[in-house]
Number of protein chains: 2
Amino acid sequence: MSLRAKRGSPRPRLGAEELATRARNISVSEFFLENRHLLGYDAPGKAILTAVKEAVDNAIDACEEAGLLPALRVEIERRGDGVFRIAVEDNGPGIVDRQIAKIFGKLLYGSKFHKLGQSRGQQGLGISAAGMYGQLTTGQPMRILTRTSTRRPARELVLSIDTAHNRPKVHREGAIDWAIKHGTRVEFELEGRYQRGQHSVEEYLRLTALANPHVRIELEDPDGNQIVYPRVVRKLPPAPRAMKPHPHGIELGRLQAMLGATTRRTLATFLQHQLSRVGAKTAADVLATTGPRLRPESDPHALTARDVADLLRALGQAHVSAPDPQSVVPIGQSALLRALRREVDAQAFFATTRRPAVYRGNPFVVEIALAWGPGRGRPRAGRTPMGGADSPATVLRFANRVPLLFSASGCAITKAMVEVDWRTYGLSQPSGALPLGPLVVLVHVASSWVPFTSESKEAIAPYSEILHEIKLALQHCGRQLAARIAAAKRRQRDLDQLHAIERYVPHVALALQQLLDLSDAERDRTVADLETILLATRGEPAHAHDSMLGENRAHA
Amino acid sequence: MSLRAKRGSPRPRLGAEELATRARNISVSEFFLENRHLLGYDAPGKAILTAVKEAVDNAIDACEEAGLLPALRVEIERRGDGVFRIAVEDNGPGIVDRQIAKIFGKLLYGSKFHKLGQSRGQQGLGISAAGMYGQLTTGQPMRILTRTSTRRPARELVLSIDTAHNRPKVHREGAIDWAIKHGTRVEFELEGRYQRGQHSVEEYLRLTALANPHVRIELEDPDGNQIVYPRVVRKLPPAPRAMKPHPHGIELGRLQAMLGATTRRTLATFLQHQLSRVGAKTAADVLATTGPRLRPESDPHALTARDVADLLRALGQAHVSAPDPQSVVPIGQSALLRALRREVDAQAFFATTRRPAVYRGNPFVVEIALAWGPGRGRPRAGRTPMGGADSPATVLRFANRVPLLFSASGCAITKAMVEVDWRTYGLSQPSGALPLGPLVVLVHVASSWVPFTSESKEAIAPYSEILHEIKLALQHCGRQLAARIAAAKRRQRDLDQLHAIERYVPHVALALQQLLDLSDAERDRTVADLETILLATRGEPAHAHDSMLGENRAHA
C-alpha cells in the first residue's frame, strides 16, 4: 500500500513574489552549527579530541610564528555527566586586545588563510567552532586569558558567539593578574566522552610530540593523571617562507582577480612581482609568446577574459624553476627516522624526503619513514605496536606536522598505500587493500595549502599530483625494504638448512660410529668435519648466521 | 642526511603586535574557492556533473515549491578544449528582480536553510558555487534569464561573484524578450570533461527521473544528442509541512537561542508555540518537573544557563508524540516498487517505508526497495544491470529524492548495508563488505535536514539514529527476501531431482526392457509409471515445477 496519500499537505500554487519572502542570508556560524559534523563534532567520543586538537594546533602555530619554543598545558576536567571543561594554555606571544574577541568569537577569521605559507591551522574556523560547539551543548561561554608582555597586565575575556550574525558577544572583559610573561589560555565546556586508546587525546598528543620534537606538552586528564610529552630538541624548525603563487598551476580566475587588484602599472612588473619564480627575462619571454594584444607595457587592469586565458596559457608553457623549497618545511629524513625509532620497535627503518612538487600552484613535500619486522624489545605501553604477518600495515598519517586520526579510508595517504603494489617488494597484499605484515609507515605531507577532505581536517583529498608523490616516496622505501625482506628470507632459508644440519649430522655420525667402529673422539671430529663440509657447500662460514641477526644496516 | 638545515628561513622573534597585522576576515567565497573539492569540484570528470546537479536540484525545488509540475531542459555544449557551456532551464515560478543577483552571486544565501522542511537544496551554496567554479576556470560570468509572469517581461542578468566580499558583481541587467510564461534559465561555462556511463550526467538524470516520476527532463549532450526522461505521473508529491523543532533531540544551545529571541512573554506559551507536539497540558507537565525557578508564567528571556539545562532535561523526559509525519514526504512503497521495476530486470521485488524517526530533533524517514534474482529479459542499455552470484550488491542511494553518486564508502547507507548480516537471509557476504549476489537495493532517506558528509552532498553522515533505521528497513526486506531465496533453493533442489529422474529413468527402462523382454509400448508405460511414482515420493505432481518458474508472488 502506498503511504504517499497519507503524507504531506496538498500543494498550494505560489508565485515568485510569495516565495521571495523566504530567501535570506545564512551566517557562516549557523551553517556550521547545523553541519557540525563537517567540523568533527559528530560523536561524543570525538568531540573532546577535536576541540583539544584545534586549540593545540593553534597554540603551536602561535608560538612558532613568534619564534618561541612551544610549551603547552592541556587540562581536561570532568564537570558532570558527560560534560567536560577543557583548558589549553601556551607560552606564545599572546593576542592584542582588539583581536581577542574576533579570533575566538567569529568563524572564518584568522591570519593563516590569506598567506601562502605552511601552518597547522589554515581556515580560521577551528577554535571558534570548538567554542561554538561547547556553547551549543552546555550553554557556557568561552573564557580567554592572554598576555602579550610583562609590561602589560593580562586580559580576561568571557565571550560567546552570536551565531545568527557570526560575531562575538562579550560578556566580561578586563585586566587580570596572571603570573606568566606571555601566552594565551582558552577554556570552554562541552559535552563529550573522554576515551583512551585509539582516537584518544593521549594518542593525538603522543603523535603530535612525535612529529614536533621541539614541543613540550603536559596533559592533566579527567582522573587527575599528569602525563608529560617532553621536548626532545631545543631548536625550532626553520620558518617556512611565505610565497607568491607559482605560474604553473595558477588558475584563470585567480590570475584574473590578481590582475584586477594589482597596484602595478604594467604587465611586465605585475608578472615579476606578483608571481614566484618570474624574473625580467621570464616575463619578457612569456609576453613574447602571447598574442600581440599583450605587451610588457600593457595595463594589467585592461585585460579581457580572452587576454587572461592567453596569458595563462603562455605562463603554463614558460620555463620556470620549481617553487621555492623554503616555502615548505618537511620534518626531514633523519628527524623522521629518530621519531619512528622512538615510537616503534622494529628490525629495520627506512626514510625518504621528496623534493617539493606543485599542485594547483601550491608547493608540497611528501616524506615517509617505514619500520619493518618485529623488534626484539618488549612492547611499550601506549606506543604503536608492530603487527603480525597477517595484519594490515599500520599507517601513521600527518599533514603539516599534525596527526590525522580519522577518515583514513578517504585519505590520499591510504589511497597511495593501497595503490602501490607491495607484492613487488616481497609483502603479501590482498587486492585493493593495505599490505600485510609487520610494517609501520609514517607519511607526512607538508604544504602551503593542504587540501583536506572536510573542515575537520581529518584526511587529505586525493589530488592526483599529491597521490603520485606519495606513491613515489613509498616505492622508493619499498625498494629498500625489498632488499631487506629478500635478505631476511635468504637468512631464514640458511637458518633452516643450518638447523637441519645441526639436527641430522649427529645421527649420521652415530651411525658411522657403529658402522666404522669409531672412537668417541673420532666420531666428534667426524661431526665437526661433516658440518664444515656441509656449511662450506652453502657458501658461508658456520658462524656467519650469528653476526647476521639483529643487525640493522639497511636504512638509507 | 637531514634536509632540515637547508630549508626555510631562520626564525625572527615576533611580538603579538606584529603578528596582529596578519589576521583578517575570510569571506565564505574565498574559503570555498580554496576548498572547492568540498563542493565536488575536485576532478574534471566530476565538475560538469556537480554543476548540472546543483542547477537541476534547484530547478525541481523551485517548481515544487510553487506547485508546478517540473519540466527541465539541460544543455551541455562543447566550447573548446575541455571547456563546456552548461544551461539549465525550468518552468518554475521565476525569481523576483531584487533576488536574482543574490541567489546566483552570493554563497550562503537561500530560502531553504532556515525552514525546517524537506528539500533538495538546503545550504544556499550549490548554484552560486557552480558559477564561481566556472568563473575560476574560464573567467566567464554567469548569465541568468528569469520571468515571473506573462504580465512582466523576462529579465536578463550577467554577473560574476566578487569572491573577496562574497557578493554579486552585475555586469549587465535588463529586460529581454523570452517566449516562455514563467521560468528560469541559468548558463555558465566551466572547465571539465564530459563522461558517459558511471558517474555521468546521464546516470544522474536517469536516477533523478527514477525517484521523481513527476519530473520531465530533456538533455542535449555535447554531441547534439537529445535524450528525454519522460514524466511518468502527472501529480506532484504532497508538499512537506514546515515544522518547529521537536522537544526530543533539541540541543541546549538552540533552545537557549530560541528563548533569547522569542516574542512570547511566558515560558508556557513559548513551549506551546515554538516547539512541535507541545500543547498546554504537555507544557504544564514539563514545567511541573523542572525546579521551582521555572513556572508557566516565567519570562523566557530571563533564564540562566542552568535554568535552560533544567528545562532541556524536562523536555527530554516528557511524553510527546513523534514528529509530524507530514513534515517528511517519502516516495512511498508502491511508487518505489514501480520505479525499481522500470530500472532493473529481476525476479522478485520487495519494498518498505519506515515510520518517521528523529535525530537531533529532525524527523526523517527511511525507505528501501530491493530487487533480487536475474530477470529473463534482455539487459536494457543504460539501466542498472543485475550482478552475478559473485558480484557485490548494487546500492542506489538517494537523499530527499536526489541520487548520490560519489563517496559511497563514507555513507550511512553503505555502512548499514555492510553492517546487516545478509548471511541470515541466505546470501553470502565477505566480512566487512557488501553482500554478494544478484541484488539491487535502492535506499532513500528523506529528512527535513539531511546531514551530508560534505558540502558537495555526496553521502549521508552515519548518525547512529539514521544508521539504525536504515538497518531496520534492510532487515525487514531481508526477511522477505530470505523466504524467496529459500524457496528458490528448494525449487532448484526439486529441479535437480527432476532432471536426475528424467535422465536416469529411460536408462532404467531400457535395462528393464531387455531384462523382461518388454515391447516398446510396455517400456514407455513403465517409464511413465516410474516417473509418477518417483515424483509422488517427492510429494509434488510432475507438472508442478513449470508453474513455479518465472512467477513473482513474493513482494509485500
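Residues numbered from 1 in each chain as written. Chains lettered and ligands numbered in written order. Predicted model: local features only at pLDDT ≥ 70, side-chain atom pairs only at ≥ 80, totals over all residues. Heavy atoms only, no water.

Asker: Explain the pattern of salt bridges here, please?
Answerer: Residues and elements named next belong to chain B. Under the definition given, this model contains 80 salt bridges over all chains. The partner of Arg 143 in a salt bridge is Glu 187, and the shortest N-O contact between them spans 2.9 Å. Taken together, the positions of Arg 143 in strand S5 (residues 142–147) and Glu 187 in strand S8 (residues 183–191) put the pair 44 residues apart, joining distant regions of the chain. Here Arg 155 makes a salt bridge to Glu 173, at a shortest N to O gap of 3.4 Å. With Arg 155 in strand S6 (residues 154–162) and Glu 173 in strand S7 (residues 167–176), the pair connects residues that are 18 residues apart, well separated along the chain. (Salt bridge = Lys/Arg side-chain N within 4 Å of Asp/Glu carboxyl O. Helix = DSSP H or I, 4+ residues; strand = E, 2+ residues; numbered from the N terminus.)

Asker: I would appreciate a short explanation of the state of the cysteines in the present structure.
Answerer: By definition, a disulfide links the sulfur atoms of two cysteines through a covalent bond. All names here are of chain B. By the definition in use, this model includes 0 disulfides over all chains. Looking at the unpaired Cys 411, the closest cysteine sulfur is the one in Cys 477, lying at 18 Å. Classification of Cys 411 as buried rests on a relative accessible area of 0%. (Disulfide = S-S within 2.5 Å. Buried < 20%, exposed > 50% of the residue type's maximum accessible area, 1.4 Å probe, protein only.)

Asker: What should I look at first to understand the interface of chain A and chain B in this one?
Answerer: A common measure of how large an interface is: the accessible area buried when the components associate. Listed as interface residues are 101 residues of chain A and, on the opposing side, 102 residues of chain B. Inspection of the region where chain A meets chain B yields 8 salt bridges. Linking B:Glu34 and A:Arg360 is a salt bridge whose minimum nitrogen-to-oxygen distance equals 3.1 Å. Residue contributions to the side of chain A that touches chain B peak at 6 residues, all from helix H2 (residues 28–34) of chain A. Across the side of chain A that touches chain B, the residue classes tally to 43 nonpolar, 34 polar and 24 charged. Taken together, the 2 bridges between strand S1 (residues 24–25) of chain A and strand S4 (residues 109–110) of chain B define a ladder with antiparallel strand orientation. In the sheet register, A:Arg24 faces S4(B), and the bridge partner there is B:Gly110. (Contact = heavy atoms within 4.5 Å. Nonpolar A, V, L, I, M, F, W, Y, C, P; charged D, E, K, R; others polar. Pairing = 2+ DSSP bridges.)

Asker: Would you explain the packing of aromatic side chains in this entry?
Answerer: Pairs of aromatic rings are described using the distance from one ring centre to the other and the angle between the two planes. Applying the stated criterion across every chain yields a total of 12 aromatic pairs over all chains. Relative to B:Phe364, the ring of B:Tyr359 has its centre 6.0 Å away and its plane inclined at 65 degrees; by these criteria the two rings are edge-to-face. Grouping residues by exposure puts B:Tyr359 and B:Phe364 together as buried. Pairing B:Trp422 with B:Tyr425 gives two aromatic rings, centres 6.0 Å apart and planes at 80 degrees, and the pair type is edge-to-face. Of the two residues examined, B:Trp422 and B:Tyr425, each falls in the buried class. Within the aromatic cluster, the residues linked to one another by ring pairs are A:Phe31, A:Phe32, B:Phe31 and B:Phe32. Here the basic side chain of A:Lys46 rests over the ring of A:Phe406, its NZ or CZ set 4.6 Å away from the ring centre. (Phe/Tyr/Trp six-rings, centres within 6.5 Å; stacked < 30°, edge-to-face > 60°. Lys NZ or Arg CZ within 6 Å of the ring centre and 35° of its normal.)

Asker: Just checking my understanding: could you explain unusual backbone geometry for this structure?
Answerer: Most peptide bonds adopt trans geometry, and most residues besides glycine take a negative phi value. A positive phi angle is found at A:Asn166, which is not glycine, with a value near 50 degrees. Tracing the backbone through its elements, the reader meets A:Asn166 in the loop between strand S6 (154–162) and strand S7 (167–176). Residue classification places A:Asn166 among the buried residues on the basis of a relative accessible area of 8%. Not every positive phi belongs to a glycine, and B:His199 is a case in point at roughly 60 degrees. The residue B:His199 is located in the loop between S8 and helix H6 (201–211) in this model.

Asker: Can you help me understand the relation of the copies chain A and chain B in this one?
Answerer: Applying a rotation about an axis and a shift along it to one chain copy brings it onto the other copy. Taken as rigid bodies, chain A and chain B are interconverted by a rotation of 180 degrees and an axial shift of 0.0 Å, the fit giving an RMSD of 0.2 Å. The operation mapping one copy onto its partner corresponds to a two-fold rotation axis. Identified as the residue of chain A closest to the rotation axis by C-alpha distance is A:Ser454, at 3.3 Å. Of the interface residues in chain A, 100% have counterparts in chain B that sit at the interface too, so the contact is made through matching surfaces. (Least-squares fit on C-alpha atoms with pLDDT ≥ 70 in both.)

Asker: Is there a simple way to explain the sheet that holds strand S10 (residues 226–229) of chain A in this structure?
Answerer: To summarise the sheet geometry, strands pair through backbone hydrogen bonds and adopt either a parallel or an antiparallel arrangement. Residues and elements named next belong to chain A. Judged by pairing direction, the sheet is mixed, and its 8 strands sit side by side in the order S7-S6-S5-S8-S3-S2-S9-S10 without closing on themselves. The outermost strands of the open sheet, each flanked by one partner alone, are S7 and S10. For this sheet, the mean inter-axis angle between neighbouring strands, taken without regard to orientation, is 15 degrees. Relative to strand S8 (residues 183–191), strand S3 (residues 83–90) runs antiparallel, the two being bridged by 8 bridges. Bridging from a neighbouring strand, Val 83 pairs with Glu 191 of S8. (Axes fitted to C-alpha atoms, helices over the stretch in contact; angles between N-to-C directions.)

Asker: Hey, could you run me through helix H9 (residues 280–288) of chain B in this one?
Answerer: Note that an α-helix has 3.6 residues per turn; residues three or four places apart therefore point the same way. Residue and element names in this part refer to chain B. For H9, the full list of buried residues reads Thr 282, Ala 283, Val 286 and Leu 287. For H9, the buried positions fall inside an angular range of 130 degrees around the axis, keeping them on one side. Across from the buried face of H9, at angles greater than 90 degrees, the exposed residues are Ala 280, Lys 281 and Ala 288. The inward-facing, buried residues of H9 abut helix H8 (267–274) and helix H10 (305–317). (Arc of directions from axis to C-beta.)

Asker: Teacher, can you tell me more about the pairing of S7(B) here?
Answerer: Two faces belong to every sheet, and in a regular strand the side chains alternate between them. Residues and elements named next belong to chain B. Of the pairings in the sheet, the one linking S6 to S7 comprises 9 bridges and is antiparallel in character. By the bridge assignment, Leu 157 is partnered in S7 with Glu 173. Linking S6 to S7, which pair antiparallel, is a turn of 4 residues; within it Asn 166 sits at a positive phi near 45 degrees.

Asker: Honestly, the pairing of S5(B) in this entry has me stumped. Any pointers?
Answerer: All names here are of chain B. Counting buried residues along S5, 5 of its 6 residues qualify, which places the element largely inside the surrounding structure. Sheet analysis places S5 next to S6, joined by 5 bridges and oriented antiparallel. From the neighbouring strand, Arg 143 faces S6, where its bridge partner is Val 158. Direction of pairing for S5 relative to S8: antiparallel, over a ladder of 5 bridges. Note on S8: the bridge partner recorded for Leu 145 is Arg 185.

Asker: Before we go on, may I ask you to explain the environment of B:Ala433 in this structure?
Answerer: Tracing the backbone shows B:Ala433 in the loop between helix H12 (412–419) and strand S16 (439–447). The sequence separation of B:Ala433 and B:Pro292 amounts to 141 residues, and the corresponding C-alpha distance is 54 Å.

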